[in-house]
Each structure stands twice: as C-alpha cells, then as structure tokens.
Amino acid sequence: MNVENHPVVTREAWLAARQQHLAHEKAFTRERDRLSAERRALPWVKVDKDYHFQSASGELKLNDLFGKHSQLIIYHFMFAKDWQEGCQGCSFLSDHIDGANQHLAHHDVAVVAVSHAPFNEFQAFKQRMGWKFDWVSSEGCDFNYDFGVCARAEDVAEGKATYNYEKTDSAEEEMPGLSVFYRNDQGEIFHTYSTYARGLDMLVGAYHYLDLTPKGRNEDEIMEWVRHHDRYDEAMKPGCCHGEQRS
C-alpha cells in the first residue's frame with residue numbers, strides 16, 4: 001500500500017476528522033455488542049454423539065475436554081495425516097491462544113485445539129512452536145466432519161463439499177474453524193456456535209494491531225505474508241494459508 005501521498009493537514013483539521021471517525025467507531029462498538037448478544041441468544045443443539053479424542057493421557061471424550069469448566073472453545077486446527085507441519089494461518093492464530101488462555105482458564109472457559117491427524121504426528125510441531133495449550137486428535141471419529149472443517153475426498157472432487165454453511169467448489173479436505181460448547185449441571189453438552197473463514201479474524205490479535213496502522217494488513221491475499229513464527233528470517237516465496245504445509 002502506497003502511503004507516501006497521504007493527505008497532511010493541520011492539527012485542528014486532523015482533530016475534526018478524528019472526532020468524526022470516533023462517532024463511527026462508537027457506532028461500530030454498539031453494533032458489535034448487539035451482534036455479540038444476538039450470537040449468545042442463538043438456539044443450541046444437544047450433542048448426543050459419542051466423540052472420542054486422543055491425547056497425551058489416552059482417549060478422552062468431549063466431556064473430558066471441558067475440564068472443570070462449563071464452557072469449551074475448540075479451535076479446529078488444520079493438520080492432516082502425514083503433514084509435517086501445521087497450516088501457517090492456523091499457526092498464526094494459535095500463537096495468540098496461550099496468552100488469552102491464562103485469563104480464560106480463570107473465567108470458566110476451556111480452550112482446546114483439535115486436529116484430524118494422529119496425535120503423535122503433531123507433537124514435534126507443537127514443541128517447535130512452543131505452545132502450551134491442549135491439542136488433541138480426532139482421528140477415528142466424525143468430529144471434524146460433523147463440525148464442518150473436514151470434507152470427504154469424493155465430495156471435494158465432485159464439488160459437493162460444504163464450508164461456512166454453504167456448498168462450495170473451493171473447499172478442501174481440511175479447513176479451519178472454531179466451535180463452542182456448553183455443559184450444564186446435569187452433564188449435558190450443547191453446541192452453541194461455530195464460525196469459519198473471516199469469522200476467525202476476531203481471534204487474531206495481530207490483525208487488530210495492523211488495522212490501527214497506516215498500511216493496515218497490507219496484503220493482497222489473506223495471510224499471504226504470514227509464516228510460522230520461526231521462519232520469518234528465511235527467504236520464502238509468498239504462499240497461501242493452506243498451500244505449503246503438506247509433506
């Protein structure tokens with residue numbers, strides 16, 4: 001983005017423009033609050049299916065992922081069988097989890113990443129990234145398919161796959177997303193919300209920092225500049241979020 005010819009004005013003119021923009025910011029904040037309330041008011045779906053996950057301590061059920069909390073946020077991390085490293089975009093988002101988790105864990109919220117690959121296949125990558133959050137495998141169950149982040153190969157080939165609540169011929173077998181669950185005092189579990197694609201932006205704090213700067217996100221394709229955080233010094237060609245993580 002070229003910022004060299006940007007308008008430059010007096011402090012008084014800048015203040016008038018800033019105050020006008022502040023009114024728009026406040027309107028956006030009120031609209032965001034309304035949207036968040038609408039999200040919380042969405043109806044729920046009871047989860048009766050017996051999902052199982054693989055972890056460092058063995059097999060877990062969905063109920064186990066809550067720990068002592070009543071609310072569970074699951075990030076659907078793109079990491080399929082035989083991949084050597086995780087999706088760059090998912091990794092960018094996941095770099096923000098541990099900081100938030102220090103606070104969420106004390107406010108009745110568990111955060112867990114779930115991937116389709118066998119559990120042992122992403123342990124080295126997790127260690128390389130230095131992440132501490134819980135990350136389990138859904139290998140052998142329909143969890144990723146049921147919650148809209150995995151598609152059958154035949155459905156992708158035939159253009160029948162769905163993503164972000166609509167059928168699309170651009171879907172891949174692995175896609176990112178987030179799902180939220182609630183567990184009541186009787187131990188019943190409910191699916192309350194899922195979001196995909198740009199709906200995940202709210203979890204990427206670095207983007208919100210960039211949105212405050214003159215150049216903004218400064219990208220032609222979403223996350224084209226993003227690298228695994230230990231690879232920014234390497235000379236790499238720009239790539240998409242999903243295109244460089246397969247073995």
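- If you look the protein up in an unreviewed UniProt entry, it shows as Thioredoxin family protein from Pseudomonas hamedanensis.

1. Looking at a nonpolar patch on the surface
- Judged by side-chain polarity, Val9, Trp14 and Leu15 come together as a nonpolar surface patch covering roughly 290 Å² of accessible area.
- Within the secondary structure layout, valine 9 lies in the segment before helix H1 (11-40).

2. Considerations on the state of the cysteines
- The tally for this structure, following the rule as stated, stands at zero disulfides.
- Distance from the sulfur of cysteine 141, which forms no disulfide, to the nearest cysteine sulfur (cysteine 150) is 10 Å.
- Classification of cysteine 141 as buried rests on a relative accessible area of 8%.

3. Let's talk about the packing of aromatic side chains
- Inspection of every chain in the model, using the stated rule, returns 25 aromatic pairs.
- Taking 5.1 Å as the distance between ring centres and 45° as the angle between the ring planes, the aromatic pair formed by tryptophan 44 and tyrosine 182 counts as tilted. Of this pair, tryptophan 44 sits in the loop between H1 and strand E1 (45-46) while tyrosine 182 sits in strand E9 (residues 177-183); the two residues are 138 residues apart in sequence, bridging distant segments of the chain.
- With a relative accessible area of 42%, tryptophan 44 lands in the partly exposed category.

4. A look at unusual backbone geometry
- Unusually for a residue other than glycine, tyrosine 165 sits at a positive phi of about 70°.
- Turning to its location among the elements, tyrosine 165 is positioned in the loop between strand E7 (162-163) and strand E8 (166-167).
- Here the phi dihedral of methionine 223 falls at roughly 60°; this positive angle occurs in a residue that is not glycine.
- Within the fold, methionine 223 resides in the segment after helix H8 (205-210).

5. Brief notes about the side chain of serine 70
- Mapping serine 70 onto the fold places it in the loop between helix H2 (62-65) and strand E4 (71-76).
- A relative accessible area of 15% means that serine 70 is categorised as buried.
- Those residues in contact with serine 70, other than ones at most four positions away along the chain, are Asp108, Phe181, Tyr182 and Arg183.

6. Comments concerning the environment of histidine 69
- Among the structural elements, histidine 69 can be located in the loop between H2 and E4.
- Sequence-wise, histidine 69 and arginine 183 are 114 residues apart; in three dimensions their C-alpha atoms are separated by 8.1 Å.
- Contact partners of histidine 69, with chain neighbours within four places excluded, come to Ala105, Asp108, Val109, Ala110 and Arg183.

7. A word on the pairing of strand E10 (residues 189-196)
- In terms of residue burial, E10 counts as a mostly covered element, since seven of its eight residues are buried.
- Across two bridges, the pairing between E1 and E10 is antiparallel. Across the sheet, the residue bridging to valine 45 is histidine 191, located in E10.
- By the bridge criterion, seven bridges tie E9 to E10 in an arrangement that is antiparallel.

8. Quick notes on the pattern of salt bridges
- One pass over the structure, following the stated rule, counts 16 salt bridges.
- Ionic pairing is found between lysine 49 and aspartate 146, a salt bridge with its closest N-O pair at 2.8 Å. Taken together, the positions of lysine 49 in the loop between E1 and strand E2 (52-55) and aspartate 146 in helix H6 (residues 143-146) put the pair 97 residues apart, joining distant regions of the chain.
- With a relative accessible area of 42%, lysine 49 lands in the partly exposed category.

9. A word on the environment of glutamate 154
- Turning to its location among the elements, glutamate 154 is positioned in helix H7 (residues 153-157).
- Judged by its relative accessible area of 45%, glutamate 154 is partly exposed.

10. So, the side chain of arginine 183
- Within the element layout of this structure, arginine 183 appears in strand E9.
- This buried residue, arginine 183, is left without a salt bridge; aspartate 64 holds the nearest opposite charge, at 6.7 Å.
- Of the polar contacts made by the side chain of arginine 183, one reaches the side chain of asparagine 63; its length is 2.9 Å.
- A polar contact of 2.8 Å, which involves the side chain of arginine 183, links it to the backbone oxygen of histidine 69.

11. Some points on the confidence of the model for the protein
- Averaged over every residue, the pLDDT of the protein is 92; the share at 70 or more is 94%.
- Low pLDDT, under 50, characterises residues 237-247; the stretch is placed with 34 contacts to residues that sit more than four places away or in other chains.

What counts, and where the lines are drawn
Residues numbered from 1 in each chain as written. Predicted model: local features only at pLDDT ≥ 70, side-chain atom pairs only at ≥ 80, totals over all residues. Heavy atoms only, no water. Patch = residues over 30% accessible without salt bridge, like charges linked within 9 Å, V, L, I, M, F, W, Y side chains within 5 Å. Areas by Shrake-Rupley, 256 points an atom, 1.4 Å probe, with all protein chains shown as cover. Salt bridge = Lys/Arg side-chain N within 4 Å of Asp/Glu carboxyl O. Helix = DSSP H or I, 4+ residues; strand = E, 2+ residues; numbered from the N terminus. Disulfide = S-S within 2.5 Å. Buried < 20%, exposed > 50% of the residue type's maximum accessible area, 1.4 Å probe, protein only. Phe/Tyr/Trp six-rings, centres within 6.5 Å; stacked < 30°, edge-to-face > 60°. Contact = heavy atoms within 4.5 Å. Pairing = 2+ DSSP bridges. Lys, Arg positive; Asp, Glu negative; His and termini not counted. Polar contact = N/O pair within 3.5 Å; in protein donor to acceptor, adjacent residues only side chain to side chain. pLDDT = per-residue confidence, 0-100.

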